Protein chains: 2
Amino acid sequence: MLAQSARKGYFHKNLSSICHILETSKPGDVIRVKGWVKSLRDQKENVFVDVSDGSTDRKLQILVPKKSKPGGLATGASIVASGRVTLSPKGQIELSARDISVCGECVVSDGYPFAPRKQYTPEYVRQYLHLRPRTAKFGALLRVRNAATLAVYDHFNREGFINVHTPILTSNDCEGAGEVFKVLPESRSVLRAMLKEGQSDDEVYFDRKSFLTVSGQLHLEAAAHGLSRVYTFGPTFRAENSRSRLHLSEFYMLEAEVAFVDELRAVMECVEKLVKSVTQAVLDKSMEDVERCREKKESSASFSWLDKTFPVMTYREAVGILNDHRDKFREDFSSSKGLGKEHELFLVQHCGGVPTFVIDWPQEMKPFYARANGDGTVAALDLLGPNVGEVAGGSLRENDHVRLGEKLPKNNSHLEWYLELRKFGSVPTGGFGLGFERYLQLILGTSNIKDVIPFPRWPHNCTL
Amino acid sequence: MLAQSARKGYFHKNLSSICHILETSKPGDVIRVKGWVKSLRDQKENVFVDVSDGSTDRKLQILVPKKSKPGGLATGASIVASGRVTLSPKGQIELSARDISVCGECVVSDGYPFAPRKQYTPEYVRQYLHLRPRTAKFGALLRVRNAATLAVYDHFNREGFINVHTPILTSNDCEGAGEVFKVLPESRSVLRAMLKEGQSDDEVYFDRKSFLTVSGQLHLEAAAHGLSRVYTFGPTFRAENSRSRLHLSEFYMLEAEVAFVDELRAVMECVEKLVKSVTQAVLDKSMEDVERCREKKESSASFSWLDKTFPVMTYREAVGILNDHRDKFREDFSSSKGLGKEHELFLVQHCGGVPTFVIDWPQEMKPFYARANGDGTVAALDLLGPNVGEVAGGSLRENDHVRLGEKLPKNNSHLEWYLELRKFGSVPTGGFGLGFERYLQLILGTSNIKDVIPFPRWPHNCTL
C-alpha cells in the first residue's frame with residue numbers, strides 16, 4: 001500500500017489560487033501559479049503575461065524574461081509558472097517568473113474560435129459551449145451563478161427551511177404548466193425484458209407513463225405536511241416549441257412551501273426577503289463579476305430596489321393601469337387574456353423599476369390548487385421584475401379536502417395522494433416558485449436566458 | 001394597493017419553530033405553536049399532547065386541561081396552541097395551553113396508514129411516500145439529508161470550488177455507465193409542428209436523440225478548463241432493470257473536477273477530505289437525527305473511521321487478498337470479472353471497517369477517459385465503504401489530445417467537443433463522483449437505498 005504520510009497535504013500545498021495570491025501574497029513570497037494565458041505584451045526585455053485560473057475575474061501579471069520565453073506561450077495556452085512576488089510600478093501584485101512552462105498550447109489557426117484581444121457577441125460565444133467557460137465574461141457569470149446558488153442555501157437555512165430533493169421523474173402531467181417531456185428506456189432489450197401484457201413502450205419501465213417534472217411543488221407540499229418549511233432547488237423542464245429570449249427547455253427553479261400560512265402577504269414576504277437577501281449576498285461577494293457580466297452598463301445603479309419595499313397591486317388594479325395606457329402596447333391588452341411580456345414590463349416601469357407583486361388573479365388564470373378568495377379571484381401572486389417580467393409565482397393552496405377534490409383536474413387518478421395530504425392532518429399552506437435564470441437575468445440585465453446557464457437546452461439545440 | 005407596513009414582519013413574527021422554542025424559551029414566556037400531534041396521554045385533569053413541527057426530532061409537550069380539549073385532538077391531527085411556557089417535573093420546557101384548536105383532523109379509520117404508538121417496517125412506510133415525511137424516522141432522515149447537502153456546499157466553497165449546474169438533458173449516451181433513458185415531447189402536436197424530413201420522433205425536438213444524464217463529468221471537465229475547480233450536485237439516471245437495495249433509477253451524484261492535477265493521490269485527498277468533513281458537519285449539527293435514523297444501533301461507534309486515514313490498495317493487491325479468502329464468498333471471485341458487492345464489503349471489513357481506496361485498475365474495467373499508467377492499468381480509484389461497497393469512483397483524465405482521440409468510443413461524433421478540450425490549452429485534470437444516497441446509507445447504516453431519498457424511483461415504481 002502507499003505510504004500514507006506521502007499523500008496528506010499534497011493537494012492543499014498546491015492550492016494557491018490566483019484569487020488567494022492576489023489577496024494574501026506579499027513581495028518576496030515564492031509562489032507557484034497555474035492557469036491560462038489571457039493576453040501577452042512583448043516589451044524590451046520582458047514579456048508581460050496576464051494569467052487567469054478562473055478563481056477571480058482579476059488576472060495575475062507574470063513577467064517573463066524574453067530569453068526564457070517558452071515556445072507556445074500564446075493566448076489560450078495553459079501554463080505553470082513559479083518565482084517571486086513583486087510589485088508593479090502601480091503597486092499591483094505580480095509574479096517575476098523564474099520558471100514558466102506551457103502545459104497545453106492553443107493555436108487559433110487549428111480552429112480555436114477566440115482570437116486574442118477580440119470582442120465577441122454572446123451569440124457567437126454560445127456556439128462554443130464547451131469553450132465558453134474560458135471566456136472572461138462567462139467565467140464571471142459562472143462565479144455569479146455559484147455565489148447566488150450558495151446564497152440561496154444560506155438564506156433558506158437561516159430561515160429554518162429544510163432542503164428536499166423533489167423528483168425529476170414523475171407520473172404527473174397535469175399541472176397545466178405547459179408541455180411535458182416523456183421518458184422511456186433507450187434499450188430495446190430492457191423494454192422487452194420488462195414488458196407486461198397490454199403495455200405501450202411508454203409505460204413499460206415504470207408501469208405508467210413518466211415525465212420530466214415541470215415543478216416540484218406538489219411533492220414539496222407532501223414534505224411541508226410534516227416539516228413545516230421546505231424548499232427545493234433544481235432543474236425543471238418544458239417541451240415547448242419556444243425560442244424566446246426568456247425560455248429554455250431545461251431551467252432551474254427554486255420552490256418553497258410553508259405550512260400554517262393563511263395570508264398571501266406571508267408568501268410575498270418570503271419571496272421579497274429571498275430576492276433581496278440573495279442579491280445582497282451576491283453583490284457583497286462578487287461585485288467585480290457582476291460588473292463584468294452586466295450587459296447594460298447604464299443600469300448599474302438599478303439595485304436601488306434593494307432598499308425599497310416591493311409594490312403590490314391586484315390584478316384588477318393592474319388591468320386599470322394597462323387600460324389607461326392602451327396606446328403604448330404592440331399587442332392590444334385584454335383583461336381576459338392576461339398579461340403579455342410587454343404589459344409585465346410596463347407595470348414594473350410604472351412602479352419605478354422596482355420588482356412588483358400582482359396578486360388576486362382571476363381563478364381561470366391560475367392552477368387548480370390556488371385558494372379561492374370567494375370573489376372569483378384566487379390568492380395567487382406573480383412577481384414581475386425589470387428586464388424579465390414574471391420571475392416568480394406563488395399562491396396559498398386550497399387546503400380543504402372537499403373543495404380541492406372538486407377543483408382537481410378530471411381523469412387524474414394519479415393525484416389521489418395529493419388529495420390525501422388534506423384528508424389527514426390538513427394545514428393551510430402557501431408557497432412559490434422562482435425561475436433562477438430569470439432572476440439572474442434580472443440582476444445582470446442579460447438579454448438572453450441562454451447566457452446565464454452553463455449548458456442551455458432549447459428547441460433544436462442539445463449539443464454536448 | 002395594500003398598506004406596506006401591514007405586510008412587514010408578519011411571516012417572521014409567526015416563525016417560532018419547536019426547535020427554536022426548545023432552545024430559547026424560558027418559563028413564563030407566552031408562545032404560539034403549530035404542528036402535528038404525535039401522541040397523547042389522558043391523565044386526571046390534563047391531556048398531555050406531544051407535538052412536532054418537523055424542525056427537530058424532539059417534541060414539545062403541551063398540557064391541555066381536559067375541559068378545554070377540542071374535538072378531533074388525536075394522533076396525526078394538526079393543531080395550533082398558545083399559552084405560557086412551564087417546566088415539567090423533569091425540568092423540560094413544556095407549554096401550558098390556554099388555547100388549542102385542531103386545524104385538520106386525522107382519522108385512522110378513514111384510511112390513515114399509521115396508527116398511534118405502532119412501529120412499522122421501512123417497507124410498509126415506503127408504500128405511502130406522500131405521508132412518509134410525517135413519520136418521526138423519515139422526518140429525521142430528511143433533516144440529515146438536508147444537513148449533508150448544506151455541508152457539501154460549505155465544504156466545496158471553502159476549498160475554492162465553483163458550483164456548476166451540469167445539464168440533465170444530453171446528447172451523449174456513450175460513457176459506458178449503463179442503460180440510459182431517452183427523452184421526447186409527449187405532445188403529438190409539438191412533434192408534428194417541429195418535424196423535419198427524415199427525422200424519427202426521438203430526434204425531432206432537439207434535432208438529435210437526447211437522454212437523461214448518467215454523469216455530469218464531461219461537462220464539468222469543460223468548466224474545469226477555465227475555472228480550475230468545479231463541482232456539481234444533482235440527479236443522475238439509469239434505466240437498468242435492477243431491484244437491488246443499492247440502485248435507483250434516479251439518484252443524486254456529487255461530482256468534482258480539478259485542473260492541474262497529475263497524481264491520483266490528489267484526487268484521493270479530495271474525496272477523503274469531502275467524506276470526512278461532510279460527515280463531521282452532519283454529526284455536529286444533527287446527532288439526534290442521525291441516531292433516530294440509524295438502523296443498526298450496534299454500529300453507533302463506527303464513526304471511528306473519521307480519525308483514520310483511508311487505506312489504499314491497488315486492484316492487484318485487492319485481488320491477492322480476495323484470492324486468499326476464496327472460501328468466504330457466495331460467488332467465485334475472478335480477477336477479470338472485477339469486484340462483486342460481497343468482495344467490496346469483504347475488503348472494507350479486511351481494512352477494519354474503514355472506507356478503503358482501490359486504485360490502479362485494469363484499463364478494460366474503467367471508462368475510456370481514465371489516464372493510462374503505462375502498465376495496462378489506469379490511474380483510477382474506487383472508494384469502498386461499509387454497508388454499501390462502492391460509494392465513489394474517480395480517475396485522472398487522459399489529457400493528451402492524440403491519445404484521447406484513439407481511446408474515444410467509435411462512431412461518436414458527438415464527443416468532438418470533448419476532444420477539443422485537450423486540443424486547446426489542455427491541462428492535466430482529475431475528478432470523482434460520489435453517490436449521495438450510498439453515502440447516506442454508509443453513515444446511517446440504512447439497508448435500502450429507497451429509504452434515504454424523499455421520492456425513490458425504481459423499475460415499476462414512479463408513484464406521485
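Residues numbered from 1 in each chain as written. Chains lettered and ligands numbered in written order. Predicted model: local features only at pLDDT ≥ 70, side-chain atom pairs only at ≥ 80, totals over all residues. Heavy atoms only, no water.

Caption draft 1: Spatial organisation of the overall build of chain A. Scanning chain A from terminus to terminus reveals 13 helices and 16 strands. Out of the 464 residues in chain A, the part that is buried amounts to 61%. For chain A, long-range pairs separated by at least 24 residues make up 67% of all intrachain contacts whose partners lie at least 6 apart in sequence. For chain A, the accessible area works out to roughly 18,000 Å², and carbon and sulfur atoms hold 49% of it. Across chain A, the centroid of the 62 positively charged side chains sits 8 Å from that of the 58 negatively charged ones. (Helix = DSSP H or I, 4+ residues; strand = E, 2+ residues; numbered from the N terminus. Buried < 20%, exposed > 50% of the residue type's maximum accessible area, 1.4 Å probe, protein only. Contact = heavy atoms within 4.5 Å. Areas by Shrake-Rupley, 256 points an atom, 1.4 Å probe, with all protein chains shown as cover. Lys, Arg positive; Asp, Glu negative; His and termini not counted. Charge placed at Lys NZ, Arg CZ, Asp CG, Glu CD.)

Caption draft 2: Quick look at the relation of the copies chain A and chain B. Its rotation angle being 180 degrees, the transformation that places chain A on chain B also includes 0.0 Å of axial translation and leaves an RMSD of 0.0 Å. The symmetry that links the two subunits is that of a two-fold axis. Relative to the rotation axis, the closest C-alpha in chain A is found at A:Val183, a distance of 2.4 Å. (Least-squares fit on C-alpha atoms with pLDDT ≥ 70 in both.)

Caption draft 3: Summary view of empty space enclosed by the protein. All chains considered together, the criterion is met by 10 cavities of 30 Å³ or more. If you add up the space inside the largest cavity, you get close to 290 Å³. Taken as a whole, the second largest cavity encloses approximately 140 Å³ of empty space. Secondary structure elements with two or more residues in the lining of the second largest cavity: helix 7 (217–227) of chain A together with strand 1 (30–42) and helix 4 (136–158) of chain B. No other element matches the 3 residues that helix 4 of chain B contributes to the lining of the second largest cavity. Classifying every residue of the lining of the second largest cavity by side-chain character gives 5 nonpolar, 7 polar and 5 charged. (1 Å grid on protein atoms, 1.4 Å probe; cavity = no way out; pocket = protein on both sides within 12 Å on 5 of 7 lines; lining within 4 Å. Points joined across faces, edges and corners; volume = space filled by probe spheres on them. Nonpolar A, V, L, I, M, F, W, Y, C, P; charged D, E, K, R; others polar.)

Caption draft 4: Region of interest: the sheet that holds strand 10 (residues 229–237) of chain A. Residues and elements named next belong to chain A. The strand order across the open sheet built from 8 strands is 6-10-11-16-15-14-13-12, with neighbouring strands paired in mixed fashion. In this open sheet, the two edge strands, each paired with only one partner strand, are strand 6 (162–163) and strand 12 (312–314). Relative to strand 16 (residues 429–435), strand 15 (residues 389–396) runs antiparallel, the two being bridged by 5 bridges. Bridge pairing links Ser395 to Gly431 in strand 16. Packing of helix 4 (residues 136–158) onto the sheet brings it into contact with strand 6, strand 10, strand 11 (250–259) and strand 16, and relative to strand 10 it is tilted by some 150 degrees. (Pairing = 2+ DSSP bridges. Axes fitted to C-alpha atoms, helices over the stretch in contact; angles between N-to-C directions.)

Caption draft 5: Region of the structure containing the environment of A:Arg292. Residue and element names in this part refer to chain A. By secondary structure assignment, the location of Arg292 is in helix 8 (residues 264–293). Remark: the alpha-carbon pair of Arg292 and Lys67, spanning 225 residues in sequence, is separated by 35 Å. A polar contact is formed between the side chain of Arg292 and the side chain of Asp57, at a distance of 3.0 Å. (Polar contact = N/O pair within 3.5 Å; in protein donor to acceptor, adjacent residues only side chain to side chain.)

Caption draft 6: Main features of the side chain of A:Ser249. Among the secondary structure elements, A:Ser249 is positioned in the loop between strand 10 and strand 11. Its relative accessible area of 1% is what places A:Ser249 among the buried residues. Reaching out from A:Ser249, the side chain makes a polar contact with the side chain of B:Tyr205 at a distance of 2.8 Å. Apart from the residues lying within four places of it in its own chain, the contact partners of A:Ser249 are A:Phe181, A:Thr236, A:Phe237, A:Arg238, A:Arg457, A:Trp458, A:Pro459, B:Tyr205 and B:Phe206.

Caption draft 7: Main features of the sheet that holds strand 5 (residues 93–104) of chain A. Residues and elements named next belong to chain A. Pairing within the closed barrel is mixed, and its 5 strands lie in the order 1-2-3-5-4. Averaged over all neighbouring strand pairs, the angle between strand axes comes to 55 degrees, with direction disregarded. Pairing analysis gives 6 bridges linking strand 2 (residues 46–52) to strand 3 (residues 60–65), with the strands arranged antiparallel. Opposite Phe48, over in strand 3, you have Leu63 as the bridge partner.

Caption draft 8: Focus on the packing of helix 8 (residues 264–293) of chain B against helix 13 (residues 436–444) of chain B. Residue and element names in this part refer to chain B. Contact pair helix 8 / helix 13: the axes reach a minimum separation of 11 Å and the direction vectors enclose 60 degrees. By the angle between their directions, the pair helix 8 and helix 13 is classed as oblique. Like other packed secondary-structure pairs, helix 8 and helix 13 cross with a definite hand, here right-handed. Here Val275, Val278, Thr279, Val282, Val290 and Cys293 of helix 8 come into contact with helix 13, specifically with Tyr439, Ile443 and Leu444. (Parallel < 35°, antiparallel > 145°, perpendicular 65-115°, else oblique. Left-handed = near helix turned anticlockwise from the far one by under 90°.)

Caption draft 9: Spatial organisation of the domain arrangement of chain A. Residue and element names in this part refer to chain A. Per the domain assignment, the segments making up chain A are domain 1 (2–117) and domain 2 (134–179 + 214–451). Between domain 1 and domain 2, the contact holds 9 residues from the first and 8 residues from the second. Here domain 1 packs against domain 2, burying approximately 720 Å² in sum over the two surfaces, 37% of which is carbon and sulfur. Contact with domain 2 buries surface across domain 1, with Lys38, Asp57 and Tyr112 losing the most and accounting together for 52% of the total. Close ionic contact of Arg292 with Asp57 constitutes a salt bridge, the shortest N to O distance being 3.0 Å. When the residues that make up the side of domain 1 that touches domain 2 are grouped by side-chain class, the tally is 2 nonpolar, 3 polar and 4 charged. (Domains from an automatic or database assignment. Buried area = accessible area lost by both parts, 1.4 Å probe. Salt bridge = Lys/Arg side-chain N within 4 Å of Asp/Glu carboxyl O.)

Caption draft 10: Here's a closer look at the nonpolar core. Of all hydrophobic cores here, the largest spans 180 residues; its most connected members are A:Tyr418, A:Tyr439, B:Tyr418 and B:Tyr439. A:Tyr439 has contacts with A:Ala148, A:Val275, A:Val278, A:Thr279, A:Val391 and A:Leu434, leaving out every residue within four places of it along the chain. Listed in part, the 28 residues of the second largest apolar core include A:Leu191, A:Phe206, A:Cys462 and B:Met194. (Core = buried A, V, L, I, M, F, W, Y, C linked by side-chain atoms within 4.5 Å.)

Caption draft 11: Local environment of the interface of chain A and chain B. The interface of chain A with chain B comprises 138 residues on the first partner and 137 residues on the second. Counting across the interface, chain A meets chain B through 2 salt bridges. Of the charged contacts, one joins A:Glu186 and B:Lys209 as a salt bridge, the two residues approaching to 2.7 Å between their closest N and O atoms. Here chain A is connected to chain B by 57 residue pairs in polar contact (both at pLDDT 80 or more).

Caption draft 12: Region of the structure containing the pattern of salt bridges. Taken as a whole and assessed by the stated rule, the structure comprises 46 salt bridges over all chains. Two residues, A:Glu159 and A:Lys273, come together in a salt bridge whose shortest N-O distance is 3.0 Å. Within this pair, whereas A:Glu159 is found in the loop between helix 4 and strand 6, its partner A:Lys273 is found in helix 8, the two being separated by 114 residues in sequence. Given a relative accessible area of 11%, A:Glu159 falls into the buried group. Here B:Asp201 makes a salt bridge to B:Arg188, at a shortest N to O gap of 3.0 Å. Of this pair, B:Asp201 sits in helix 6 (residues 201–204) while B:Arg188 sits in helix 5 (residues 188–194), placing them 13 residues apart in sequence. Looking at B:Asp201, the relative accessible area reads 31%, which means it is partly exposed. Classification of B:Arg188 as partly exposed rests on a relative accessible area of 45%. A single network of salt bridges, built from pairs that share partners, joins A:Asp57, A:Arg143, A:Asp289 and A:Arg292.

Caption draft 13: Structural view of helix 13 of chain B. In terms of residue burial, helix 13 of chain B counts as a mostly covered element, since 9 of its 9 residues are buried. Looking only at helix 13 of chain B, the buried set comprises B:Phe436, B:Glu437, B:Arg438, B:Tyr439, B:Leu440, B:Gln441, B:Leu442, B:Ile443 and B:Leu444.

Caption draft 14: Structural detail: the pairing of strand 16 of chain A. All names here are of chain A. Of all 7 residues making up strand 16, 7 are buried, and the element is well covered by its neighbours. Sheet analysis places strand 11 next to strand 16, joined by 7 bridges and oriented antiparallel. Looking at strand 16, one finds that Glu255 is bridged to Gly433.

Caption draft 15: Structural detail: the packing of aromatic side chains. Residue and element names in this part refer to chain A. All chains considered together, the criterion is met by 53 aromatic pairs over all chains. Residues Tyr120 and Tyr124 carry aromatic rings whose centres are separated by 4.6 Å and whose planes lie at 15 degrees to one another, so their mutual orientation is stacked. Judged by its relative accessible area of 24%, Tyr120 is partly exposed. Taking the relative accessible area as the measure of exposure, Tyr124 reaches 25% and is therefore partly exposed. (Phe/Tyr/Trp six-rings, centres within 6.5 Å; stacked < 30°, edge-to-face > 60°.)

Caption draft 16: The confidence of the model for chain A, seen in detail. Averaged over every residue, the pLDDT of chain A is 93; the share at 70 or more is 94%. In this model residues 1–8 of chain A is a low-confidence stretch, pLDDT under 50, and it forms 20 contacts with partners more than four residues away in sequence or in other chains. (pLDDT = per-residue confidence, 0-100.)

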